2 protein chains.
Amino acid sequence: MPQSRVVQEQNFLGNEAPRQKPTIKDVARASGASVTAVSYVLNNSRTVGVQTRERVLAAAQELGYRPNPLARGLITGRTQAFGTLVRDLQSYITTRIIAGVEKAAREQGYKMLLAPHNQDPSQAVSALHDLTARRMDGIISISGNSDEHPEIIAALPAAGLPYVLAFYRPSETARADSVVVDNRQGGYVATRHLLDLGRRRIAFVGGPAANNASRERLKGYRQAHAEMDLTPDEALIVSQHFMVEGGMRAAEQLLRDGVTPPDAVFACNDHIAAGFIRGCREKGLRVPDDVAVVGFDDHDMCPALDPPLTSMRMPLPQVGQLCVERLIYRLEQGAAWEPETITLPCSLVIRQSA
Amino acid sequence: MPQSRVVQEQNFLGNEAPRQKPTIKDVARASGASVTAVSYVLNNSRTVGVQTRERVLAAAQELGYRPNPLARGLITGRTQAFGTLVRDLQSYITTRIIAGVEKAAREQGYKMLLAPHNQDPSQAVSALHDLTARRMDGIISISGNSDEHPEIIAALPAAGLPYVLAFYRPSETARADSVVVDNRQGGYVATRHLLDLGRRRIAFVGGPAANNASRERLKGYRQAHAEMDLTPDEALIVSQHFMVEGGMRAAEQLLRDGVTPPDAVFACNDHIAAGFIRGCREKGLRVPDDVAVVGFDDHDMCPALDPPLTSMRMPLPQVGQLCVERLIYRLEQGAAWEPETITLPCSLVIRQSA
DNA sequence: CTGAAAGCGCTTACAG
DNA sequence: CTGAAAGCGCTTACAG
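Below is a summary of the structure that appears in this document.

What counts and how
Residues numbered from 1 in each chain as written. Chains lettered and ligands numbered in written order. Predicted model: local features only at pLDDT ≥ 70, side-chain atom pairs only at ≥ 80, totals over all residues. Heavy atoms only, no water. Salt bridge = Lys/Arg side-chain N within 4 Å of Asp/Glu carboxyl O. Helix = DSSP H or I, 4+ residues; strand = E, 2+ residues; numbered from the N terminus. Buried < 20%, exposed > 50% of the residue type's maximum accessible area, 1.4 Å probe, protein only. Near = heavy atom within 4 Å. Polar contact = N/O pair within 3.5 Å; in protein donor to acceptor, adjacent residues only side chain to side chain. Nonpolar A, V, L, I, M, F, W, Y, C, P; charged D, E, K, R; others polar. Phe/Tyr/Trp six-rings, centres within 6.5 Å; stacked < 30°, edge-to-face > 60°. Lys NZ or Arg CZ within 6 Å of the ring centre and 35° of its normal. Patch = residues over 30% accessible without salt bridge, like charges linked within 9 Å, V, L, I, M, F, W, Y side chains within 5 Å. Areas by Shrake-Rupley, 256 points an atom, 1.4 Å probe, with all protein chains shown as cover. Contact = heavy atoms within 4.5 Å. Axes fitted to C-alpha atoms, helices over the stretch in contact; angles between N-to-C directions. Left-handed = near helix turned anticlockwise from the far one by under 90°. Core = buried A, V, L, I, M, F, W, Y, C linked by side-chain atoms within 4.5 Å. Least-squares fit on C-alpha atoms with pLDDT ≥ 70 in both. Pairing = 2+ DSSP bridges. Parallel < 35°, antiparallel > 145°, perpendicular 65-115°, else oblique.

Let's shift gears to the pattern of salt bridges. Going through the model one piece at a time under the given rule, you end up with 41 salt bridges over all chains. A salt bridge links A:Glu107 to A:Lys103, with the shortest nitrogen-to-oxygen separation between them at 3.1 Å. With A:Glu107 and A:Lys103 both in helix H6 (residues 92-107), this residue pair falls four residues apart, about one helical turn. Among the salt bridges present, the one from B:Asp196 reaches B:Arg192, with a minimum N-O distance of 3.1 Å. Note that B:Asp196 and B:Arg192 are positioned in helix H9 (residues 183-196) at a spacing of four residues, about one turn of the helix. Looking at B:Arg192, the relative accessible area reads 27%, which means it is partly exposed. Each member of the salt-bridge network shares a partner with another, and the members are A:Asp177, A:Arg326, A:Arg330 and A:Glu340.

Here is the structure:
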C-alpha cells in the first residue's frame with residue numbers, strides 16, 4: 001500500500017505521464033480520518049484530536065497532497081491571488097514595481113496574475129471582468145511614468161474588488177488607497193542639486209504636459225528656485241515625450257542659435273536626459289561643464305552614458321511591496337475604512353553629469 | 001423584473017458595493033431554459049432549439065453573465081490560462097518576450113499567470129507546484145540572456161503540464177518544444193559587418209563562459225572569420241558579466257598598455273558594449289574610428305549612447321507569440337508528437353558605432 | 001470534539 | 001432533441 005504511493009511519486013517526479021493528483025478524499029482514506037477532519041487539520045480552522053491530526057498531516061505529506069485552489073476558491077470566494085493591471089511590460093518603471101509586488105505577494109502566499117491593458121480602456125475593462133470572474137482577491141493597478149487613461153482608473157471600482165493604485169495619486173474624491181513616489185520632492189532635490197552647483201539657468205524638460213508626475217516635479221523645481229528667491233526663465237520649461245528623441249528635440253529647442261542656452265537641465269526621465277546630452281554634444285557643448293544634466297529614474301544604462309548620468313532614484317520595489325501590504329490589510333479589515341495614500345521619497349544618485 | 005436587473009447593472013457599474021454575480025441558474029431562470037440548455041448554448045457544445053438558444057443568449061447578455069472559470073476549471077481541468085515561468089521581470093529581454101506571450105495569449109483567449117523564480121530551483125519547483133495546482137493549461141518557461149539553472153529546466157516535465165521553452169534550446173534528449181533566437185547567425189552577422197568594414201582585429205566579449213547564447217554567438221564569430229580565411233586572435237576573446245561594468249572590465253583587459261588593441265569589438269549585449277565604449281573613451285580611443293563596436297539586444301538606450309550603438313535585434317515578441325501558438329497546438333493535439341525547435345533570425349540595426 | 005451532508009457553479013454522461 | 005442528476009474537490013453550517 002505505501003509502496004504503490006511511492007511508485008506514484010516517482011512517476012510524478014520523473015519524466016512520465018502525470019499521476020492523478022491526490023484529493024482530500026485520498027488523504028482521508030490514507031489517514032483513516034474523515035474528509036471534514038482533513039479539511040480542518042489542513043486549514044487549522046478547528047481543533048482536531050492530536051493523533052488524528054498527526055495521521056492526517058503524515059498522509060498529506062506522503063501523498064504530496066495540495067488542496068485544489070479552484071475548488072477552494074469556488075467555496076470561499078478567495079483564491080490567494082492578485083490581479084495586477086499594467087499598461088505594458090516594457091516600461092522600466094513598471095517592471096520594477098511589479099518585481100516588488102511579486103516578491104511581497106509571494107512572501108505572503110499570494111500569486112499574481114498580470115493583466116496588461118496597453119492603455120486601452122476596453123482592454124482594461126475586459127481584463128477587469130476576467131480578473132473578477134477568476135475571483136482574484138484584489139487588484140493592484142500600476143501606472144508608469146505616464147498617467148493612465150482616466151477611464152481605466154474609473155473602471156476599477158466597478159470590478160467590486162479591493163484595489164490599490166501604484167504610482168498614481170488618486171483625486172481627493174476617489175476614495176482609493178495608493179502608494180506613490182514623491183515627485184515634487186524628487187523635482188526639488190534634483191533642482192536644488194543643480195542650484196547648489198551654482199547653476200542659475202536651469203531648464204526643465206518634462207514629459208507630456210498632462211503628465212501628473214511631470215507636473216509634480218515641476219512644482220519641486222519651482223519650489224527650489226523660490227527658496228533661493230530665484231525665478232526660473234519660463235522659456236526654459238518645455239515638454240517632450242519620455243524618449244531619447246524627446247530629449248534631442250528639447251536640446252534643439254533650448255540650444256538653438258540666438259537664445260541664451262541653459263547652464264543645466266533637469267529632465268523628467270533618463271531617456272530624455274540621454275537625448276539631451278546627445279543634443280549638447282552635437283552643439284559642441286560639454287556636459288557637465290557647459291550644461292549640467294540630472295535625469296530621473298536611475299535607469300541601468302545611466303553609468304554607461306557619456307558622462308555617466310546623475311539621476312533621481314525612486315523606491316519602486318517598495319512601492320510594489322507596500323501596495324501588497326495595503327491590499328492584504330484591506331482584505332483582512334474589510335468593512336469601512338478611510339483611503340490612504342503612502343508617499344515615498346526619491347533619492348539623488350550623483351554620477352558625473354551634474 | 002427587467003427593471004430590477006437594470007438596477008443591479010447600475011450598481012455594478014457604479015461605485016457601490018458589488019452585486020452578486022449572476023450564475024448559470026440565474027440565466028436558466030431568466031430565460032426559462034434548463035441549466036443544461038444554458039450550458040450547451042454558451043459553450044456551443046450541443047445543438048439547442050433555436051428559440052431556446054436565443055432566449056438564453058438574450059438573458060445571459062442582459063444579466064451580464066460570465067461563467068465562473070473556477071467552477072468550469074474544476075470540472076474540465078482547464079482554465080484558459082498559462083503559467084509563465086521567468087527568472088525575473090527586470091530583464092529587458094524577458095519583458096519583451098512576455099509582451100509577445102501576453103499579446104498572443106490574449107488574442108487566443110488565454111490569461112497569463114507570471115511566476116518568477118529568481119533563478120532559485122526551490123522557488124521554481126514551488127511555483128510549478130502552484131501552477132499545477134491552479135490547473136494552468138500549460139507552461140511557458142522564459143530564459144533570459146543567461147541560461148536557466150539546469151534544475152529549473154529539469155523540473156518542468158514533473159509538473160505534468162505541456163510546456164514550451166522560450167529562448168532556451170533544449171538538449172537533444174529533452175523532448176521539449178522550444179522557440180529560440182538564432183544566436184549563431186546573430187554572431188555571424190555582427191562579426192561579418194565588422195569584417196566588411198575592413199576590421200581585422202575584432203574582439204569578442206561574451207557573457208559568462210557557460211552561457212549558451214554567448215557560445216553560439218562565438219560560433220558565428222568564428223564562422224564569419226573562417227569564411228574569409230581569417231583566424232581570430234584568441235587573446236581577443238573574453239568573458240564578462242552582462243553589465244556595463246563587465247564591458248568596462250573587458251576594455252581594461254583588451255586596451256591595457258603593451259598589447260595591440262582590437263580595432264573592433266562584438267559585445268554579447270548592449271550593456272557590455274556601452275561599458276566598453278566608456279572604457280575606450282577613458283583610454284582616448286575613438287569609436288568607431290579606432291574601435292568599431294557592435295552590441296546585442298537593440299536596447300532602447302542604444303540611440304542615446306555616444307556614439308549611438310549599432311546592435312543586433314532579436315525578434316523577441318515573436319518568440320513569445322510562437323511559444324503560445326505552439327502550446328495551444330500541443331493542447332489541441334494531445335497524444336504523441338515530436339518535439340520541435342523553432343529558430344528565429346536576428347537582424348542588424350546599424351547606427352554609428354560600427 | 002466530530003462527521004455526514006449540503007452546496008459552491010459549473011459540465012456532461014445518462015436516460016428519456 | 002432535451003433535462004434531471006451526478007460529480008469536480010473542496011468548506012462549513014448543522015446536528016449529534
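Attention shifts here to the protein's contact with DNA strand D. Near DNA strand D lie 26 residues; those nearest to it are A:Ile24, A:Arg72, A:Ile75, B:Arg46 and B:Gly49. Sugar plus phosphate, as a fraction of atoms of DNA strand D within 4 Å of the protein: 48%. A distance of 3.3 Å separates a phosphate oxygen of DNA strand D from a polar atom in the backbone of A:Asn68. For the surface near DNA strand D, the class distribution of residues is twelve nonpolar, ten polar and four charged.

Our next topic: the packing of aromatic side chains. Each aromatic ring pair is described using two quantities: the centre-to-centre distance and the angle formed by the ring planes. Residue and element names in this part refer to chain A. The tally for this structure, following the rule as stated, stands at eight aromatic pairs over all chains. Taken together, a centroid distance of 6.1 Å and an interplanar angle of 40° make the contact between Phe266 and Phe296 tilted. Of this pair, Phe266 sits in strand E8 (residues 264-267) while Phe296 sits in strand E9 (residues 292-296), and the two are 30 residues apart along the sequence. On the basis of relative accessible area, Phe266 is assigned to the buried category, the value being 0%. Taking NZ or CZ as reference, Arg217 lies 3.6 Å from the ring centre of Phe296, over its face.

A word on the protein's contact with DNA strand C. Contacts to DNA strand C come from 26 residues, most closely from A:Arg46, A:Gly49, B:Ile24, B:Arg72 and B:Ile75. When the atoms of DNA strand C within 4 Å of the protein are sorted by group, sugar and phosphate make up 48%. Between a base oxygen of DNA strand C and a side-chain N or O atom of A:Arg46, the distance comes to 2.7 Å. Backbone polar atom of B:Ala71 to a base nitrogen of DNA strand C: 3.5 Å apart, as the coordinates give it.

All names here are of chain B. Between Val287 and the following residue, Pro288, the backbone shows a cis peptide bond with an omega angle of 5°. The residue Pro288 is located in the loop between helix H12 (270-282) and strand E9 (292-296) in this model. The linkage connecting Asp306 with the following residue, Pro307, adopts the cis geometry, with an omega of -5°. Topologically, Pro307 is positioned in the loop between E9 and strand E10 (310-313). Not every positive phi belongs to a glycine, and Asp297 is a case in point at roughly 120°. Counting through the fold element by element, Asp297 comes out in the loop between E9 and E10. By relative accessible area, Asp297 is classed as buried at 7%.

All right, on to a nonpolar patch on the surface then. Nonpolar side chains collect at one region of the surface, where A:Leu74, A:Ile75, B:Leu74 and B:Ile75 lie side by side and expose about 440 Å² of accessible area between them. Taken together, the elements giving at least two residues each to the nonpolar patch come down to helix H5 (69-76) of chain A together with helix H5 (69-76) of chain B. You can see A:Leu74 is positioned in helix H5.

Residue and element names in this part refer to chain B. Mapping Gly83 onto the fold places it in strand E1 (residues 81-86). What makes Gly83 buried here is its relative accessible area of 0%. Sequence spacing of Gly83 and Leu236 is 153 residues, and the spatial spacing of their C-alpha atoms is 42 Å. Excluding residues that lie within four positions of it along the chain, Gly83 makes contacts with Leu113, Leu131, Met136, Gly138, Ile139 and Ile140.

This paragraph deals with the packing of H5(A) against H5(B). H5(B) packs onto H5(A) with a crossing angle of 145° between their chain directions and a minimal axis gap of 9 Å. Relative to H5(B), H5(A) is oriented so that their crossing is left-handed. On the side of H5(A), the interface is formed by A:Leu70, A:Ala71, A:Gly73 and A:Leu74, while H5(B) contributes B:Leu70, B:Ala71, B:Gly73 and B:Leu74.

Quick look at the nonpolar core now. Counting 147 residues, the largest nonpolar core has A:Ile97, A:Phe276, B:Ile97 and B:Phe276 as the members making the most contacts within it. A total of seven residues in this core trace back to one element, the largest contributor, which is helix H13 (residues 316-333) of chain B. Among all residues touching A:Phe276, those that are not within four sequence positions of it are A:Val205, A:Gly247, A:Met248, A:Ala250, A:Ala251, A:Leu254, A:Leu255, A:Val265 and A:Val291. Formed by 39 residues, the second largest nonpolar core is a distinct cluster that contains A:Ala127, A:Ala159, B:Leu85 and B:Ala176.

Our next topic: the relation of the copies chain B and chain A. In screw terms, the move from chain B to chain A is a rotation of 180° and a rise of 0.0 Å along the axis, fitting with an RMSD of 0.0 Å. When the rotation and shift are considered jointly, the pair of chain copies conforms to a two-fold rotation axis.

In this section: the interface of chain B and chain A. Each partner contributes residues to the interface: chain B has 58 residues there, and chain A has 58 residues. The partner of B:Asp306 in a salt bridge is A:Arg281, and the shortest N-O contact between them spans 3.3 Å. The interface formed by chain B and chain A contains twelve residue pairs in polar contact (both at pLDDT 80 or more). For the side of chain B that touches chain A, the elements supplying multiple residues, two or more each, are helix H1 (2-13), H5, helix H6 (92-107), strand E2 (111-116), helix H7 (121-133) and H12 of chain B. For the side of chain B that touches chain A, a count of residues per class yields 28 nonpolar, 16 polar and 14 charged. Both strand E2 (residues 111-116) of chain A and E2(B) contribute to a ladder of two bridges, which runs antiparallel.

This part is about the packing of helix H11 (residues 244-254) of chain A against helix H12 (residues 270-283) of chain A. Helix packing for two helices is described by the angle between their axes and how far apart those axes are. All names here are of chain A. Relative to each other, H11 and H12 sit at 45°, their axes nearing to 6 Å. Judged by the angle between their axes, H11 and H12 are oblique. The element H11 and its partner H12 pack so that their crossing is right-handed. The residues of H12 that touch H11, namely those facing Val244, Gly247, Met248, Ala250, Ala251 and Leu254, are His271, Ile272, Gly275, Phe276, Arg278, Gly279, Cys280 and Glu282.

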